[in-house]
Each structure stands twice: as C-alpha cells, then as structure tokens.
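Chain and residue survey
Each chain, letter by letter, is given below.
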Amino acid sequence: MMKRVFSCLLILFVVTACQPANPQADSVSEDKNGKSTQNQSQGETKGETQTTENEQTQSGTMPEVLPVIGSGEEPLKSVQNAGNYRNYYEIYVGSFYDSDGDGIGDLNGVRQKLNYIADMGFTGIWLMPIHPSDTYHKYDVKDYYAIDPAYGSMQDMEALIAECRSRDIALILDFVANHTADNHPWFTEAIRYLQKLPADAEPKAEECPYIDYYHFTKDSTKGKSYHLVDGSNWYYEGVFWGEMPDLNVDHPAVRQELKKIMDFWLDKGVSGFRLDAVKEFHSGKTAKNIEFLDWLVKTAKAKKEDVYLVGEAWSDFAEIAEYYKSGLPSLFNFALATGEGKIAQVVNGKQAKHTAKSFAEAMVKIDESFSANNPDYMDGLFVANHDNVRMANYFKGDLGKIKMAAGMYLTMTGVSFTYYGEEIGMVSSGTKDENKRTAMVWQKDGKGQTRNPENADEFEQTARPVAEQEQDPDSLIRYYQKALHLRQQIPALAAGKVSVVRAYHGDKAVVITKQLDPQEIIVVYNISAEPVEIDLTATDWADSKVIGYLTTKAAEVPTWQDRKLRLSPYSIVIMDRKE
Ligand code: CA
C-alpha cells in the first residue's frame, strides 16, 4: 500500500530513563561455559558445516559453524520448522537479483538466490506484487493470473514455487484485493459501458456485470477518493489513486473472483498471501473490514487448512488488536516498526520512558491484547518494509544500534519479516517510495546487479555489499544470520509465551521468560551502550546455561560465572535450565 501517510503510529507504554551513548564495547572474557557460547567468527570458511550443525542443534545450542551464505553448495537443513512461525524475507523482485542482464530483478533471480536466502535462516519469502502492471511497484494489477513479463513467465514462477517447496521455504504472494489497476479488463469494460450509457439511464448488471465490481456513483460530493469517469457523469472510488479503482468486495461476484484467484495460486503451491491495505476495503469501517476478512480467512482455509495469511493494517496497537477478530493468523505489528515505533524508540532512548523494561512490558501487553481476540494469533514482527524509511536511517548508521533493533524483533514471539537489504544495512533517502526500494547490493563485480526504480533519486548507498560482509564476522549480515538461525533453532524464542521477570540497571536491562512446553527459556536484553552484570542468584534461573547470544561484535562473548551474567553493550543472551 502507498500514497497515504498515516500519522497514527503509537507509543506503547510508560516507564523510566535511559540515554544510550556510544555503543563501542569492551570485549568480555572467555566464558567457562565455552561450548554453549561459541564465537561466530569460526564460521567463515567455505565447506565446513553440516555435521557439527546437526549435533549442536539437537542439543539445543547454537551451531559451532554458521553456513557459508549462498555458497552455491547444498544448502543446510539447519533450520527447524516451527509450523507457521517462520522467518520471512520480503522481496521487491525488480530490485533484487537480475538473471538475464536487463537490469531488472526477476523470478529466476530470486530462484538463483535461494541458497543465500536459506543459508541466512529465512524460511519464507513474501514476494511483492508480481502480476502484470503498468507501474514499477505493481500494486495496481491488470491480471491476477499472470506474471509481469519484466519478472519472467508462469514457467519461471512454477519453477520458483517448486524449488521453494523442495527446500521447505514458504512462498507467499502479495494479494491486492482492495483495488485493481484502472486498465484491468473488469474496470475498462465497466467504464466503456458507462460512457455509452445515456445520461438519464441506470446501469444494468445484466448488460455489464462489472459495473457492480466497483463503487460507481453520480454523486459528485463524495470527496477526493472519488474520480470522474472520462466522458460521463459517473464517479468511481479510488482511495489511493485514480488509477487504482476500489473493488466492491461485498458483491458476491467479486468475492467469487477473489476466491478464484486465491484458489488458483494455492493450487500452484504457494503457502498463502500478504493482504494489502486491509483497512481500505471499507475505509473507516473497521467492523465491515473484519467481516470481509473473516470471509476471506474462512475461504482460504477451506481450500488449504494451513494457509498462512498476514494483513497490512497500518495502524496503532489498539486497532491492530481489533483486526485479530477477523481470524487472520497474523497482522503486521506497525506499533513496533518505523523510526517512531517502539523498537526504534527504545534503542534510540531519547525519551526516558522507552527502556528495555518498557519493551518487555510491551511484549506482554501485545500478547494479552492480541490473544484476547485470536488465541492462535502470530504477531507480524518487523521494523522496516517497502513503505518505510530503512532501518539504518533511524540510527544514523550506528551499527550497534542497528544490530540491537534487529536482535529485538528477531527475538520476539511471532513471525518475523525482514525487508531485502535490511540485513546489509541499506539506506533510503527521504520519504519517496522508490528510494526505499533500490537495488540490492550484492558484490562489486556487478553480477546480478539490478537498476534502481526509474524515478529513484541519485543518492549514495552506504551499505557494504553482501560479498564483502560475508567475510566479516562483525558485519550486520552475520548478525542477522545468527539471529535468524537462533530463532529457528530455539522454538521457544519464536513461539514461546512471554512474561517479564525483572529489570536491572535503571531498567536498561531486562530478563523475560518464554514458555513453550516442555521448554522454558529466559532472554536477557542489555539495551544500553554499557556492559552490565546481572546477578541471577536469587532467581529461578540460578542454575541455567547459555544456549545462544547476540552481540554486536563476534569477539564479545557473554560470561556466566558464579550465577552472574555479564553482557556486553547492546546484547542479548538466551538461557535454558540445566538438564
Ligand atoms: Ca531481468
């Protein structure tokens, strides 16, 4: 969704002070629990891998060696699958990877990068719209049953689906059900009919069924979301833009069309859909939107019981909670996201109330509010997407803070969504959409390199290429890889029920528990630029072991000694009970 600025981002909860300074860290000493707290830098050499990986996974700890990212070798089966609790990678296909040298990313390019995607620890892919469209972003669809020629063919799509399935990577499509393109045949036929209709005649559905597919009216006072049909006295609703006429989603024939589209793609083998603009089916009418979504969820589930659906309700926390009444498995949690969302606020710490403790309390509040409306909900976790300024911009390139923010959403309970390029710290420029969707930076030799969208501005992309970051144990890409793998290897991390144990150090550090029978873990956050020591002597967690950690530098290893846990600046430690 685009072309709308929503001002309703929220601030969640109130607590007390924190003002992080420079995140430069002292390394901490070697852990006596060495085996469970290894150093990521060991994983940089090609070829080593699988067996250690599997053994370590079974003992519930991080693998000694992370996979070589996209090496082209057989991808690792390192990532456990916790049902629909997946790590999704959001791809704007046109800017991702170009397989045929025309400078436009394509579906074969996505397929060629599946090793990269799998090795990173992503277990799902959300493709932004791929259907024929006259715009670069393709959110105005001309034909829901075809592939835009710039991206490839239906055969290419079938090959991508098949390979994703063989690797157990869920593939979800962007389903734009709120509106079509204004040159979709349904709309052009309706327009042609209305243009021929005598001025005083009423349209008849028997003559043109498509007049019921949209919201046509002769009322000229409906405001700026209504647009005049050229050469007639009729208007139509187009909430986002005149070239995106809104569908009349309550009309039985339109629902049949939407069902047919979902069935078509589910039959092709996709895992589900990301639902665009769910607040705009009936703009301003939440209850009616929920009723429509309830129909859509039931219809999709009737076709495929384990279908995965995630809705875009760009709104505040309370309204997102409300939308869970629709039965949607997931909604994007916009309350966490963007530079003004909870995660960025806590990491930037400009206001005293945004502490680590307030972040932990937000997790509990989220669970209480969302589960009250859908006990099976899975929070849609993200910080930036294609409509947002990129995350690196929120922290002015401060790598410690960028890693902390990534570590925070990637250790929350729910389904994670990472926008392509976030894992290498790509920057955007201003608020222009094209500048948020620029070419992925792969390597200096330019193989697979895409062009920026046509109307993107010239600006310096400061992110280091994937190929360079892969070789650096302190890089952002290696941090993301470790976080994504941890998330899949410790099921309680992605799917556990959360509660707050205790805050430390002026609420800049906090301990939470996560429970997923039979596992119960604690996650310890130090969201500050100083190292902290946490004494767990008087807690239920005095006899625990470290099973994973995320630090901003590979050489920083948390120490766990005499029931005291020492964490480096901006770090996260995960602990399990001793067997
Ligand atoms: Ca291409």
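What you are looking at is a predicted structure, and each value in this text was computed from that prediction instead of being measured.

Description of the overall build of the protein chain
In terms of regular secondary structure, the protein chain is built from 15 helices and 19 strands. Burial statistics for the protein chain: of 579 residues in total, 61% are counted as buried. Residue pairs in contact within the protein chain that sit at least 24 positions apart in sequence constitute 70% of those at least 6 positions apart. Total accessible area on the protein chain stands at roughly 21,200 Å², and carbon and sulfur atoms take up 47% of it.

Remarks on the coordination of the calcium ion
Looking at the calcium ion, one finds its protein donor set to be Asp98 (OD), Asp100 (OD), Asp102 (OD), Ile104 (O) and Asp106 (OD), positioned 2.2 to 2.3 Å from the metal centre. Here the donor residues for the calcium ion map to a single chain with the spacing D-x1-D-x1-D-x1-I-x1-D. A residue is classified by how much of its surface remains accessible, and Asp102, at 32% relative accessible area, is partly exposed.

So, the nonpolar core
Residues Leu127, Met157, Met391 and Tyr525 are the most contacted members of the largest nonpolar core, which totals 162 residues. Residues contacting Met391, with those up to four places away along its chain left out, are Val383, Ala384, Ile402, Ala405, Ala406, Tyr409, Glu422 and Tyr480. Ile522, Trp541, Val546 and Leu567 belong to the second largest nonpolar core, which has 17 residues in total.

Concerning the sheet that holds strand β6 (residues 235-237)
Across the sheet, three strands lie side by side as β4-β6-β5; this open sheet has antiparallel pairing. A single partner strand is all that each edge strand has here, and the edge strands are β4 (216-217) and β5 (226-228). Of the pairings in the sheet, the one linking β4 to β6 comprises two bridges and is antiparallel in character. Counterpart to Thr217 in the pairing with β6 is Tyr235.

Side note on helix α6 (residues 252-268)
Here α6 contains 17 residues, and its C-alpha end-to-end distance of 24 Å stays within 8% of the 24 Å for a straight helix at 1.5 Å per residue. Restricting attention to buried positions, one finds in α6 the residues Val254, Arg255, Glu257, Leu258, Ile261, Met262, Asp263, Trp265 and Leu266. In this fold, the buried residues of α6 make contact with α4 (154-166), β3 (170-175), α5 (185-196), β7 (272-275) and α7 (286-303).

Considerations on helix α10 (residues 356-373)
An ideal rise of 1.5 Å per residue puts 26 Å on 18 residues; α10 measures up with 27 Å between its terminal C-alpha atoms. Residues of α10 that are buried make contact with α8 (317-323), α9 (342-348), α12 (399-409), β12 (497-504), β13 (509-516) and β14 (519-526).

A word on the environment of Glu207
Position of Glu207 relative to the elements: it lies in the loop between α5 and β4. A distance of 2.4 Å separates a polar atom in the side chain of Glu207 from a polar atom in the side chain of Tyr193.

Looking at the sheet that holds strand β16 (residues 544-550)
If you walk across this open sheet you meet the five strands as β12-β13-β14-β19-β16, and the pairing is antiparallel. Of all the strands in the sheet, just β12 and β16 have a single pairing partner and so form its edges. Neighbour to neighbour, the strand axes of the sheet diverge by 25° on average, direction disregarded. On top of the sheet, α10 reaches β12, β13 and β14; it is set at about 160° to β12, its chief contact. Lying over the sheet, α12 contacts β14, β16 and β19 (571-577), oriented at roughly 35° with respect to β19.

Re the confidence of the model for the protein chain
Predicted confidence across the protein chain gives a mean pLDDT of 88, with 86% of residues reaching 70 or more. Low pLDDT, under 50, characterises residues 1-61; the predicted model gives this stretch 188 contacts beyond four residues in sequence or across chains.

Things to note about the pattern of salt bridges
Per the counting criterion, the structure on display carries 30 salt bridges. Close ionic contact of Asp148 with Lys138 constitutes a salt bridge, the shortest N to O distance being 3.2 Å. Within this pair, whereas Asp148 is found in the loop between β2 (124-127) and α4, its partner Lys138 is found in the loop between β2 and α4, the two being separated by ten residues in sequence. Each of the two residues, Asp148 as well as Lys138, counts as buried.

Some thoughts on the packing of aromatic side chains
For the coordinates displayed, the defined rule picks out 36 aromatic pairs. Arranged with centres 4.9 Å apart and planes meeting at 40°, the rings of Tyr324 and Phe370 form a pair that is tilted. With Tyr324 in the loop between α8 and β9 (330-331) and Phe370 in helix α10, this pair connects stretches of sequence that are 46 residues apart. In this pair, the class of Tyr324 matches that of Phe370, namely buried. Summarising the aromatic geometry, the rings of Tyr324 and Tyr377 are spaced 5.5 Å apart at their centres and angled 75° between planes, so their arrangement reads as edge-to-face. Here Tyr324, found in the loop between α8 and β9, pairs with Tyr377, found in the loop between α10 and β10 (380-381); they are 53 residues apart in sequence, far enough to count as distant. Site record: aromatic cluster; members linked through ring pairs are Tyr88, Trp126, Tyr308, Trp314, Phe332, Phe334, Phe382 and Phe417.

Definitions and cut-offs
Residues numbered from 1 in each chain as written. Predicted model: local features only at pLDDT ≥ 70, side-chain atom pairs only at ≥ 80, totals over all residues. Heavy atoms only, no water. Helix = DSSP H or I, 4+ residues; strand = E, 2+ residues; numbered from the N terminus. Buried < 20%, exposed > 50% of the residue type's maximum accessible area, 1.4 Å probe, protein only. Contact = heavy atoms within 4.5 Å. Areas by Shrake-Rupley, 256 points an atom, 1.4 Å probe, with all protein chains shown as cover. Donors = N, O, S within 2.8 Å, 3.2 Å for Na, K, Ca; no water. Core = buried A, V, L, I, M, F, W, Y, C linked by side-chain atoms within 4.5 Å. Pairing = 2+ DSSP bridges. Expected span 1.5 Å × (residues − 1). Polar contact = N/O pair within 3.5 Å; in protein donor to acceptor, adjacent residues only side chain to side chain. Axes fitted to C-alpha atoms, helices over the stretch in contact; angles between N-to-C directions. pLDDT = per-residue confidence, 0-100. Salt bridge = Lys/Arg side-chain N within 4 Å of Asp/Glu carboxyl O. Phe/Tyr/Trp six-rings, centres within 6.5 Å; stacked < 30°, edge-to-face > 60°.

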